[in-house]
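# Examination of the molecular architecture
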Amino acid sequence: MDDYSDWKMATLAVRAGHHRTAEGEHSPPIFTTSSYVYKSAAQAAARFSGDEAGNIYSRFTNPTVRNFEERLAVMEGGEVCVATATGMAAIMTTCVGLLEQGDHLLSSRSIFGSTVILFNKYLGRFGIETSYVPLTDIDAWRAAIRPNTRMLFVETPSNPLGELGDIQALADLAHEHDCLLVVDNCFCTPVLQRPLDFGADIVIHSATKYLDGQGRCMGGAVVGDRNKVGEDVYGVLRTTGPSMSPFNAWVFLNGLETLDLRMKAHSANAAELAGWLQEQPGVIHVHYPGLESHPQKALANKQMKLPGGVLSFEVEGGQAAAWKVIDATRLLSITANLGDTKSTVTHPASTTHGRVAPEERAESGISDGLIRISVGLEDIADIKADLARGLGSL
Ligand SMILES: *Cc1c(COP(=O)(O)O)cnc(C)c1O
C-alpha cells in the first residue's frame, strides 16, 4: 500500500487506491476477469505456493476490488480491508475468522436485525453463545464479560434511537479481558467516525448504505490489522467465497469519491430537520445525536465529527398517527433502506423491529409512534413540507 499519511480525508476519498495501469487511464477501470495468466509454469507454481505475490483467482483478489479495499482501509486508518459481497457477509466472515466453538460474544442490544439472527441462530449452532447488553451502560458490559468472552460487538449510533456507545471505554474494557472490539460503522462512515482511532480493533461496513450512497449495489467490508483481518478474516473469505464483485467494487470506489461531501450534506440536512421537528406540535421527542438535548452530546462531540443523516421522532397517537404521517408523504420513499441520496421513511415498530416482542420493544424505547428518517440530499425545504402535510393532519 502507498504512503498516504500526509493526505486528508477528502483527498483520500478521491485519490487513494487507484494504481494506474500502462494505459494511463484517469478513472479506475473494472477488471471483469475470474482468473489470471502466468508467464510460465514456474511462475504459476510460485503464485500458488505464495512465494510470489499476485493475482490467482478473483475469489481471492481482483484489481478493482483491491482499489476499493485500499481506499477504504486508509480512510478508516486501518492496515488492511477485506471487501465482501454484503454487510452481513462482512460480519459473518469476521465471526467465523476470529471466534471458535466455546467462545462467548457480547453485543449491544440494539443492532441490525439480521445480525441478531446470525449471532443467535447460526453462530449458536456452532457453539458460540451471544448475550446482549444496553449500548450506553458500560457497567452492564463489564458485568456481562465471562472468562470465555472473546469479542465485543457494537453499533453506534444505534438504530433507530441514535444512542451512542463509548468506543474508547469499550475498547479499554475489551483489551483488559483479552477481547476484540468490533464496531459496525455503517451509520457514520470514516468521514464522521473512525473507531480505530479510539482503540477499536475491527471496523465493519455495509457498503450498501452510505459508501454506495445511491442505493444501487450490495457490498460490505472489514477493516483492521494485517493479522486478524489480513490473515484470519481474509482466509475465510477466500475459502468460503462471499467476495465482492468487481462491478460493485467499481460503483463503491466512485461512491467513495463523493463520500466526504455527501456525509456533510446528509448531516446538515438532518440537523436542520431535527431542530424543526422539535418545534412541531404533535411531536413528543426527537432522537438525534446532534441535538443539544441528546443525553450523550459530549460523547457525540468526542467521537463523531458530525451527527450523521439518520434521525427518529415520536408522534402523539401511536401507530395510527405514525402511519398517517408516513402515508401523507409524497417525496419521501417508504422503505427501510438508508444512506441514499433519496430521503427514506420507516415505521420501525411494524417493519425493522416488527419481529421483536412488544414488551422488549417498549423496553428499548421503540414506541408505536416512532418514525425513522434517513435524511437524503433533496432540498431541506421540500423535506420539511412533505412531513408538515402529515403532521398537520394529526
Ligand atoms: C444494512 C446493515 C447491515 C447489513 O448490510 P447488508 O449490506 O444489508 O448485508 C449491517 N449493519 C447495519 C448497521 C446495517 O444498516
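To be clear, the structure that these remarks concern was listed above.
Let me begin by describing the structure that accompanies this report.

This part covers the sheet that holds strand 3 (residues 129-133). The seven strands lie next to each other as 1-7-6-5-4-2-3, forming an open sheet whose pairing is mixed. Whereas interior strands pair on both sides, the edge strands pair on one side only; in this sheet they are strand 1 (80-84) and strand 3. Adjacent strand axes in the sheet meet at a mean angle of 20° when their direction is disregarded. With five bridges joining them, strand 4 (residues 149-155) and strand 5 (residues 180-184) adopt parallel strand pairing. Residue pairing across strands places Phe153 opposite Val182, the latter belonging to strand 5. Contacts from helix 3 (residues 63-76) reach strand 1, strand 6 (202-206) and strand 7 (220-224) within the one sheet, and its direction differs from that of strand 1 by about 130°. Of the strands in this sheet, strand 4 and strand 5 are in contact with helix 7 (residues 167-176), which crosses strand 5 at around 150°.

Tracing the chain through its elements places Lys297 in helix 12 (residues 297-303). No salt bridge is formed by the buried Lys297, whose closest oppositely charged neighbour, Glu292, lies at an N-O distance of 4.4 Å.

Taken in spatial order, the five strands line up as 8-9-12-11-10 in an open sheet, and their pairing is mixed. In this open sheet, the two strands that pair with only one neighbour each are strand 8 (283-287) and strand 10 (333-334). Relative to strand 12 (residues 370-374), strand 11 (residues 344-346) is paired through three bridges, and the arrangement is antiparallel. In the sheet register, Thr346 faces strand 12, and the bridge partner there is Arg372. Against the sheet, helix 13 (residues 318-327) touches strand 9 (310-315), strand 10, strand 11 and strand 12, its axis set at about 130° to strand 9.

What counts, and where the lines are drawn
Per-chain numbering applies: the sequence of each chain, read as written, is numbered from 1 onward. The predicted nature of this model means local features are confined to residues of pLDDT at least 70 and side-chain atom pairs, given and counted, to a pLDDT of 80 or more, with totals for whole chains, interfaces and linings taken over all residues. Calculation of side-chain values draws on the structure's entire complement of heavy atoms; hydrogens and water are dropped beforehand. Between any two strands, pairing holds if DSSP finds at least two bridges. Helical segments are the DSSP runs of H or I of at least four residues, strand segments are the runs of E of at least two, and each set is numbered from the N terminus. Note on geometry: axes are lines fitted to C-alpha atoms, helical ones only across the stretch in contact, with angles between N-to-C directions running from 0 to 180 degrees. By the convention used here, residues are in contact when the closest approach between their heavy atoms is within 4.5 Å. For every residue, the accessible area obtained with a 1.4 Å probe (protein chains only) is divided by the maximum for its type, and the residue is called buried under 20%, exposed over 50%, and partly exposed between those limits. By the counting scheme adopted, Arg and Lys are positive, Glu and Asp are negative, and His together with the chain ends is not counted. For this analysis, a salt bridge means a side-chain nitrogen from Lys or Arg found within 4 Å of a carboxyl oxygen belonging to Asp or Glu.

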